[in-house]
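Listed here are the chains, written in short residue letters.
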Amino acid sequence: MQNMQTIIDKINDLKKMKNAVILAHNYERGEIQDIADFTGDSLGLSQQAVQQDADIIVFCGVHFMAESAAILSPQKTVLLPEIHAGCPMASMVTAEALRAEKKKYPEAAVVCYVNSTAEVKAESDICCTSANAVEVVNSLEEEEILFVPDKNLADYVAQNSTKKIIPWEGYCPTHNQILASDIVRVREKYPDAEVLAHPECRRDVLDISDRIFSTTGMLDYAKKSTTEEFIIATEKGILHRLEKENPEKKFYYASEFAICPEMKAIDLNALLLSLEKMQHIISVPEDVRVKAKYTLDRMLAIKRSR
Ligand code: 13P
Ligand code: SF4
């Protein structure tokens, strides 16, 4: 059994030797976030996948994120250290089911949340993340929007747009189990704290929250705000950066159970093995990649707002 520092040293040596870059989502394990070259939300990670000047991207996140990097940067080798790390919400819509639904709404534009497979992206008109969903929808000419797969994010967009939003019945199991009663209970304990929620949460949670942000939006806000205490309604992994970047402030979980097991699948051993053995390479068939890239490029042309 190698000790932690030996593993970290080996990862850093291999990274240099192979001209690799490590990208990690804000929900990853703390030790993975600490060794990453860039940690961010889905939008930031997609932007980094394009901007990074490296031969290899080691993606510490879930499958759709590594796939997005492979779609955007086909000249780079994209590695996902744990091949079984997938997003249950992304599996709630298939390209086949989406094609059938599109027939029912021929006038609608299809907006797919980035938490979706390459095949679903290829069937869509434009992609969005939690950081730009409202802007993406409002940028479209169409008045009718088929929004897949997150019904909670679709509902949030509907509240902030005049468009007619047709939601898909998907959801994030981690965010969907955070209840309004959790917020009420934690707020009673910490009445001065501001509640920051992710738009993958249910509407009744968002309704009683003070602010709604993507994960990077939360990090930016917590840093610049004069508030000293926050209740956080999203996956627990974000507390790592919140606490590290704001040692003088206090952060409380809205729910002890808001843990995404998929986002915890990669540890330092898996990351080292990934670089040593060049596993697991994520690639997308070219015909699907080109169509999916169009939806991601269209999204990346729109500015982040939160
Ligand atoms: P963001 O970091 O883009 O807000 O996404 C949250 C999420 O659940 C990713 O799986
Ligand atoms: Fe998917 Fe939710 Fe996990 Fe994000 S937190 S990867 S949306 S299940």
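Before reading further, recall that the structure is shown in the block above.
It should be emphasised that the depicted structure is a prediction, and the values quoted were computed from it without experimental measurement. (Residues numbered from 1 in each chain as written. Chains lettered and ligands numbered in written order. Predicted model: local features only at pLDDT ≥ 70, side-chain atom pairs only at ≥ 80, totals over all residues. Heavy atoms only, no water.)

A. Unusual backbone geometry, seen in detail. For the bond from Val 148 to Pro 149, the omega torsion is -15°, close enough to zero to count as cis. Look at the link from Gln 279 to His 280: it is a cis peptide, with omega at -5°. For His 280, the position within the fold is in the loop between helix H14 (268–277) and helix H15 (286–300). Its identity as a non-glycine residue notwithstanding, Asn 19 has a phi of 50°, on the positive side. For Met 278, which is not glycine, the phi dihedral falls at a positive 55°. Given a relative accessible area of 27%, Met 278 falls into the partly exposed group. (Helix = DSSP H or I, 4+ residues; strand = E, 2+ residues; numbered from the N terminus. Buried < 20%, exposed > 50% of the residue type's maximum accessible area, 1.4 Å probe, protein only.)

B. Quick peek at the sheet that holds strand S8 (residues 164–167). Taken in spatial order, the 4 strands of this open sheet run S6-S5-S7-S8, and their pairing is parallel. Of all strands in the sheet, those bounded by a partner on one side alone are strand S6 (126–128) and S8. Taking each pair of neighbouring strands and ignoring which way they run, the sheet shows an average axis angle of 30°. Along the sheet face, helix H5 (residues 95–104) touches strand S5 (109–113) and strand S7 (144–148) and points at about 165° away from the line of S7. (Pairing = 2+ DSSP bridges. Axes fitted to C-alpha atoms, helices over the stretch in contact; angles between N-to-C directions. Contact = heavy atoms within 4.5 Å.)

C. Spatial organisation of the pairing of strand S1 (residues 20–25). In terms of burial, S1 is largely enclosed, as 6 of its 6 residues are buried. Here S1 shows no split at all, with Ala 20, Ile 22 and Ala 24 on one side and Val 21, Leu 23 and His 25 on the other all buried. The sheet contact formed by S1 and strand S3 (residues 56–60) spans 5 bridges and is parallel. In the strand pairing of S3, Val 21 is matched with Ile 57. The pairing of S1 with strand S2 (residues 38–40) spans 3 bridges and is parallel. Paired with His 25 across the two strands is Gly 40, which belongs to S2. Handedness of the crossover joining S1 and S2 through helix H2 (residues 30–35): right-handed. (Right-handed = clockwise from strand over helix to strand, strands pointing away.)

D. Structural view of the pattern of salt bridges. Taken as a whole, this structure holds 19 salt bridges when the rule is applied. We note a salt bridge from Glu 101 to Lys 104, for which the minimum N-O separation is 3.0 Å. In this pair, Glu 101 and Lys 104 are both assigned in helix H5, 3 residues apart and thus about one turn of the helix distant. When the shortest N-O distance is used, the salt bridge between Glu 286 and Arg 289 registers 2.9 Å. Here Glu 286 and its partner Arg 289 are both found in helix H15, 3 residues apart, which amounts to about one turn of the helix. By relative accessible area, Glu 286 is classed as partly exposed at 46%. Its relative accessible area of 11% is what places Arg 289 among the buried residues. Salt bridges sharing partners connect three or more residues here, namely Arg 99, Lys 102 and Glu 123. (Salt bridge = Lys/Arg side-chain N within 4 Å of Asp/Glu carboxyl O.)

E. A look at the packing of aromatic side chains. Counted by the stated rule, this structure contains 4 aromatic pairs. Seen in terms of ring centroids, Tyr 221 and Phe 230 are 6.4 Å apart; in terms of plane orientation they differ by 85°. Their pairing is edge-to-face. When its relative accessible area of 0% is taken as the criterion, Phe 230 is described as buried. Taken together, the ring pairs in this structure connect Phe 213, Tyr 221, Phe 230 and Phe 251 into an aromatic cluster. It is Lys 236 that lies over the ring of Tyr 253; its NZ or CZ is 4.3 Å from the centre. (Phe/Tyr/Trp six-rings, centres within 6.5 Å; stacked < 30°, edge-to-face > 60°. Lys NZ or Arg CZ within 6 Å of the ring centre and 35° of its normal.)

F. Local environment of the site of ligand 2. Near ligand 2 the following residues occur: Tyr 27, Val 62, Cys 87, Pro 88, Met 89, Asn 115, Cys 172, Pro 173, Glu 200, Cys 260 and Met 263. Here the residues of the shell around ligand 2 sort into 9 nonpolar, 1 polar and 1 charged. (Near = heavy atom within 4 Å. Nonpolar A, V, L, I, M, F, W, Y, C, P; charged D, E, K, R; others polar.)

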